[in-house]
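The primary structure of each chain is shown beneath.
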Amino acid sequence: MTAPLVEVHDLAKTFDVSAPWLNRVVERKPRQFVHAVDGVSFGIQRGKTLALVGESGCGKSTVARLLVGLYAPTRGEVRFAGQRTADLAGAELRALRRRMQMIFQDPYASLNPRWKVLQIVGEPLTEHGLVAGEAALRDKVSELLASVGLAAADGEKFPHQFSGGQRQRISIARALATQPEFLVCDEPTSALDVSVQAQVLNIMKDLQKSRGLTYLFISHNLAVVRHVSDEVGVMYLGRLVELADKRELFARPRHPYTRMLLDAIPDIHMTGRARTPVQGEVPNPLNPPSGCAFHPRCLHATARCTSERPVLADIRGVRVACHAVEEGRI
Amino acid sequence: MNMPSPTAAAPSALRRFFDGDVWYSFRNSPVAMLAAVIAFVCVFCAAFAPWVSPHNPFDLASLNLADARLPPAWAEDGQMRYLLGTDDQGRDILSALFYGARISLAVGMASVLLSVVAGVGLGLLAGFAGGKVDAFIMRVCDVMLSFPSILIALLIDGVGRALFPNAHDTLAFGVLIFAIALSGWVQYARTVRGSTMVERNKEYVQAARVIGVAPWRIMFRHVLPNVMGPVLVLATIQVAAAILTEATLSFLGVGVPPTSPSLGTLIRIGNDFLFSGEWWITIFPGVMLVLIALSVNLLGDWLRDALNPRLR
Amino acid sequence: MATAALLEVDHLRVEFPTRRGTLLALDDVSFSIDPGEVLGVVGESGAGKSLTGAAIIGLLEPPGRIAGGQIRLEGQRIDNLPYEKMRAIRGRKIGAIFQDPLTSLNPLYTIGRQLTETIQTHLPVSSEEARRRAIRLLQETGIPAAEQRIDQYPHQFSGGMRQRVVIALALAAEPKLIVADEPTTALDVSIQAQIISLLKRLCKEHGAAVMLVTHDMGVIAETCDRVAVMYAGRIAEIGPVHDVINVPAHPYTVGLMGSIPAMDEERERLAQIEGAMPRLTAIPRGCAFNPRCPRAMERCRQERPELMDAGATRSACWLVQDRKVST
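Keep in mind it's a predicted model, so treat the numbers as computed, not measured.

This part is about the overall build of chain A. Helix and strand counts for chain A come out as 12 helices and 12 strands. Over its C-alpha atoms chain A spans a radius of gyration of 21 Å, differing by no more than 12% from the 20 Å that the globule rule assigns to 330 residues. Dimensions of chain A along its principal axes, counting C-alpha atoms only, are 70 × 60 × 40 Å.

Here you go:
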C-alpha cells in the first residue's frame, strides 16, 4: 500500500471565544474555548475521495481549513506527500500552495464581485508567475473555463452576471489553475439546486478521472456523499466517530450516530425502512458532554460512556469510536 | 450556458454606467439633478474664477475707492457693473464670491481627500489586522471623537501658528487643511473597519489566502474596492461639512490668511457692516456658502440611496 | 367530490413591473387544496414556488402584484381584499411558517408574549386561557418544561427549538391552512426529520391543511399527499406524491428525479438536465421547458400546453396528448 497523499495525525483546533479582557475582568467571566476539532486522524490515497460528513458544529469545515492552511492547528500535524506542512515556509510553502487548492460553499461570496472572471481565474497564475504576458494569461484562462464548460468570452463578465451553478464552476476553474493534486471541497453543492448540483458533481467526477485529482469532500448531505466518495468519515462535535469504506458505511453503519444520520434521510421512494427515533439536538460546543460526546443522545449509553472518551480504533475492518461497538453490544 | 449572446463583446465601463441603476435613479430624481446643476455651477465658477469673474477683487491696482459700498444692481444707487454691490474697499462682491468659493472649495476638498486617505487606510488596517492593532486604532478614534471638531481644528491651528510664527501663506493653508482633516477622519476609519471585518471573512478573501496572496495585497486589491461605497457617500457629504468648518474657522479669524479670503472670511468682514445697512457684503457670501453646502449634501443623500441595493 | 376544496387557486398571474418592462413571475397557475390535505409545491430557485405562497398569504412584496386570476379560501375570494381584511384572515384562517426561525420570531419579546398575542388577536379568550393554550401548544410541539420556557426569549432556544415555536405560533389561532415556506432548509438533517414528522402529526391533529413549499424532494416524499412541480412560473406536473415521484409523466420531473442522488442505488454519473431554468426576462415561447427537453417536438416550441390527464398525474406536456408517455 503506497503512502497516502494527505495524512492527518491527531489534528486539533481550539478557538478562544472568551469575552474581551475588559468584560472578563469586570464581569468575572471565565475564559471560554471551543474545541472545534479535537484529535482527528485520517489519510487520503492519491486519486481517491474522502468525504467528511456531520451536522453543524461538528468541525468538518474547520478540518478543511486546517488542511489548506487557513488556520494553524493547535495540536497535531498535517502531512502532504510525506512532508509536514508546518515545517514549510517561504518558497517551499508557496510550492505547496500550488499543489493544493480549495472550493468554497457559497457561490456568491467566493468570487470578488468587483473583479472580472478573467482576473479571478487568472489570479493564481499571476500570483505564482505561471504565465508570461497578457496573451498567455488569456489563453490559459480560456482553457480553464472550457474545462468546466464555460465560454472564453465569459472571462470579460462579472460574477453577478452568472447563476449559482456557473459561479461554482468558475470557482472550480480558479482552483484548477495551478494544476493542483489535491482539492478540498467545502460543501460545494449545498447552495445549488438539485439539477445544477448534478451538473457540478458530474464535472468534478470527470475532472478527477482526467487529472488524477484527490478530493476531500465536506458535506452534510449523505446522498451526495454516497455518490462522490470512496471513503467516508463521520464527525460529531469535533471528533471522528466512524471512518470506513463507502459501501461498508452505508450498508452496515456501526456507530449509533451514523445510524441516526442515515435514518434521518428522507426516503424518496418510500421503501418502508424501519426508522429509529431521533433524539435531542447537537449539544453546545462550549460545554461538550464528558466522555463520549454522543452519550446524551445514545440509546446504548452506559456509565463507561459518560466518563471515558472512546478512541477511533479498528474494529472488524472499520474504524469506529464507540464503546458499545468495541464491547460487541451492537 | 444560458447567458444571453456569449459571443457579443462585453460593454465598456461607460456604457455599463449609463445602463446601470445609479444613472437611472439620477435621471428620475429631480432633487438630485437640481442639486447637481447648482453644485456644478458653483464649482465651475469657483474653479474658473479668474476667467468668469467680471473683476479681480484682489488686484489692488484695479480697485476704485469711489465705488465703495455700492448696493446691488437692482437697488437704488446700484450699478450694473457691480451686480451684487461692493464692499468698503470697492471690491466687487460677485467676483469676491467666486474667488472666495474657490478657496473654500479647495480647502474643503483637500481636507476631505486627506481625511479619506488617512481614515480609509487606518480603517483597513484595523479591520484586517484585528487584535491589538485594531484595539489601539479604535481607542485613538474614541479619544478623537470626544473632542469637538472645531476645537481640534483650533488646537492644531494654534499649535501651528506658535511653531511657525512667520509662516508663509501656503504653510498656513497646509495647517488649516491638516486641522480640518484631523477632525474628520474618524468616521471613515470606523465605517471602513466595520466593512473590512465583514469582507475579511468572506470566501473570496479566504480563496485569495489559499492561493497564497500576501495580506497587504489582499487588503488593497480585494477588500478595498468592496468597502469604498459608503466612503464615497460620506466623502460627498463631508465636503460640505469641511467647507462649513473652514468658514467657521475663517469667521473666527483663525482660518485662511486674510490675503486670500474664503467665503467665511468674507462673511466675517461683512458682518461689521451689517448694522450700518450694507447687508449685501455679508449676506451674499452666506447665501453662496449655503448653496454649495446644500447642493453637495443633497447629492450625497441621493448617492447613498442610489448605492443602497436594498432600496432599489 | 363531496367536500368542497379549502383553497382554490384559479389561473393566478403575478407580475413585477420593472423599468425594463413587466416580468411575469407566475403564469396561469391553478391548483386546489382539500381540507386536511398536505400539498407540496416543489421546484428549483426561480420557479415561483415561494411567490405562490406569498401571494396566497397576501405578502407579495411590491412592486409585485397579482395581475390576474383568483384565490378563494372556503369559497370566498381573498386576493382582492383590502389590507385590514387580509390581516384578519392571515393568522386566523391561514398560518405561515418561514424558512429562517431566527428572523421569524421577534427577539425583543418572550415567546409566551408572542404566542398569547397571536391567540388573543384572533380568538375571543381571556389572557389566562390564552396562556394555558400557549403552554399546551408548546408541549405539543415537544418543547420540554414548557411552563418555564414560555417566558424565555428566542435567543435562548436552539435552531430546532425555535422552529418548533414557530410551528406553535402558526397553529396558535387554529388556522385551516398552513403555508410553510422551506421550513426545514436551515436545519440540520437530524432535526429536519423531527420537524417534518412534528408538522405532519400536528396538522393532522389540528385538522389544518398544509401547503409545503420546498426544493427538497425527500421532504415532499415524507410529508405530502399530493405534489405540484413548478417550472418557470408554471405548474409542470401535479398529482399524488408516489405517482409523481415514481412514474413521472413530465420530462422535467423525470430529469429532476434523475438528478437526485439516490440512497439505494449507485450510478457513475447523475442524469443531468442540460442548461438552466430560463430567467424571467427570457421565457421561451410555447412550453417553457422545450429548449432543455430531450423529447421536444415542433408543437412544444409553438404552443404552450395546459395541464392534461396523464394517467395518475396531470402533466403540462404535449407528449401526454399524443399518448407518447413512457417512463
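Right, let's get into helix α7 (residues 159-171) of chain C. Residues spaced three or four apart along an α-helix point in a common direction, a consequence of the helix completing one turn every 3.6 residues. Taking 1.5 Å per residue, 13 residues should reach 18 Å; α7 of chain C reaches 19 Å between its end C-alpha atoms and fits that length. Those residues of α7 of chain C hidden inside the fold are in contact with β6 (94-97), α3 (101-104), α4 (111-122), α5 (127-140), β7 (177-181) and α8 (189-206) of chain C.

The next subject is the packing of helix α8 (residues 169-200) of chain B against helix α10 (residues 215-252) of chain B. All names here are of chain B. Between α8 and α10, the least distance of the axes is 9 Å, while the angle of their chain directions is 160°. As far as their axial angle goes, α10 and α8 are roughly antiparallel. Judged by the sense of rotation from one axis to the other, the crossing of α8 with α10 is right-handed. Residue-level contacts link L176, I180, S183, G184, Q187, Y188, T191, V192, S195, T196, E199 and R200 of α8 to V223, N226, V227, P230, V231, L234, Q238, A242, T245, E246 and L249 of α10. Split by residue class, the contact of α8 with α10 holds 11 nonpolar, nine polar and three charged.

Our next topic: unusual backbone geometry. In this structure, the amide linkage connecting P62 of chain C to the following residue, P63 of chain C, adopts the cis form with an omega of 10°. One can find P63 of chain C in the loop between α1 (49-57) and β4 (65-73). With a phi close to 55°, R28 of chain A is a non-glycine residue in the positive phi region. Residue placement: R28 of chain A occurs in the loop between α1 (21-27) and β2 (33-44).

The next thing to look at is the interface of chain C and chain A. Taken together, the contacts link 34 residues of chain C with 31 residues of chain A. Looking at the side of chain C that touches chain A, the elements that each hand over two or more residues are α8, α9 (217-223), α10 (241-246) and α11 (251-259) of chain C. Of the residues assigned to the side of chain C that touches chain A, the class counts are 16 nonpolar, 13 polar and five charged.

If you look at the biggest cluster of nonpolar residues, it comprises 275 residues, and the most contacted ones within it are L216 and V241 of chain A, A101 of chain B together with L177, V229, Y231 and I235 of chain C. For this core, the leading source of residues is helix α5 (residues 93-129) of chain B, giving 17 residues. Discounting chain neighbours no more than four positions away, the residues touching L177 of chain C are L6, L7, I33, K93, I94, A208, A209 and M211 of chain C.

Okay, the pairing of strand β8 (residues 209-214) of chain C next. Residues and elements named next belong to chain C. Of all six residues in β8, six are buried; the element is thus mostly enclosed. In β8, alternate side chains face the same way, and those of A209, M211 and V213 on one face and V210, L212 and T214 on the other are all buried. Two elements, strand β3 (residues 38-42) and β8, share five bridges in a ladder whose sense is parallel. By the bridge assignment for β8, V42 is matched with T214. Where β7 lies against β8, five bridges are found, and the strand directions are parallel. For A180, the partnering residue across the bridge sits in β8 and is L212. Assessed by its sense of winding, the connection that carries the chain from β7 through α8 to β8 is right-handed.

Residues and elements named next belong to chain B. At a closest axis distance of 8 Å, the pairing of helix α3 (residues 30-47) and helix α12 (residues 280-307) adopts a crossing angle of 135°. As summarised for this structure, α3 and α12 are arranged oblique, according to the angle between their axes. The interaxial crossing formed by α3 with α12 has left-handed handedness. Contacts from V31, A32, A35, A36, I38, A39 and C42 in α3 reach L291, I292, S295, V296, L298, L299 and W302 in α12. Tallied by class, residues from the contact of α3 with α12 come to 13 nonpolar, one polar and no charged.

Turning our eyes to something else, we now look at the sheet that holds strand β10 (residues 239-245) of chain A. Residues and elements named next belong to chain A. Reading across the sheet, the eight strands line up as β6-β7-β8-β3-β9-β10-β12-β11 and stay open at both edges, with mixed pairing between neighbours. Each end of this open sheet is capped by a strand with a single partner; those strands are β6 (100-103) and β11 (313-315). Going from strand to strand, the sheet's axes swing by 20° on average, the running direction of each strand aside. Pairing analysis gives six bridges linking strand β9 (residues 231-236) to β10, with the strands arranged antiparallel. Residue pairing for β10: G233 is matched across the bridge by L243.

Residue and element names in this part refer to chain A. Summarising burial for strand β7 (residues 182-186): five of the five residues are buried, a large majority. A two-sided burial pattern is seen for β7, the buried positions comprising F182, V184 and D186 on one face and L183 and C185 on the other. Bridge analysis of β7 against strand β8 (residues 214-219) gives five bridges, and the strand direction is parallel. From the neighbouring strand, C185 faces β8, where its bridge partner is F217. Assessed by its sense of winding, the connection that carries the chain from β7 through helix α7 (residues 194-211) to β8 is right-handed.

All names here are of chain B. Averaged over all residues, the pLDDT of chain B equals 82, while 93% of them reach at least 70. When pLDDT is averaged over each element of chain B, helix α9 (residues 203-211) comes out on top at 93 and helix α1 (residues 13-19) at the bottom at 70. Interface confidence for the predicted complex, given as ipTM, is 0.86, next to a pTM of 0.83.

Residues and elements named next belong to chain B. Relative to the helices and strands, S260 is located in the loop between α10 and α11 (263-271). Linking S260 and D169, residues 91 residues apart in sequence, is a C-alpha distance of 8.8 Å. S260 has contacts with I103 and D169, leaving out every residue within four places of it along the chain.

What counts and how
- Residues numbered from 1 in each chain as written.
- Chains lettered and ligands numbered in written order.
- Predicted model: local features only at pLDDT ≥ 70, side-chain atom pairs only at ≥ 80, totals over all residues.
- Helix = DSSP H or I, 4+ residues; strand = E, 2+ residues; numbered from the N terminus.
- Rg over C-alpha atoms; globule rule 2.2 N^0.38 Å.
- Expected span 1.5 Å × (residues − 1).
- Contact = placed C-beta atoms within 7 Å.
- Axes fitted to C-alpha atoms, helices over the stretch in contact; angles between N-to-C directions.
- Parallel < 35°, antiparallel > 145°, perpendicular 65-115°, else oblique.
- Left-handed = near helix turned anticlockwise from the far one by under 90°.
- Nonpolar A, V, L, I, M, F, W, Y, C, P; charged D, E, K, R; others polar.
- Core = buried A, V, L, I, M, F, W, Y, C linked by C-beta atoms within 7 Å.
- Buried ≥ 20, exposed ≤ 12 C-beta atoms within 10 Å, placed from the backbone.
- Pairing = 2+ DSSP bridges.
- Right-handed = clockwise from strand over helix to strand, strands pointing away.
- pLDDT = per-residue confidence, 0-100.

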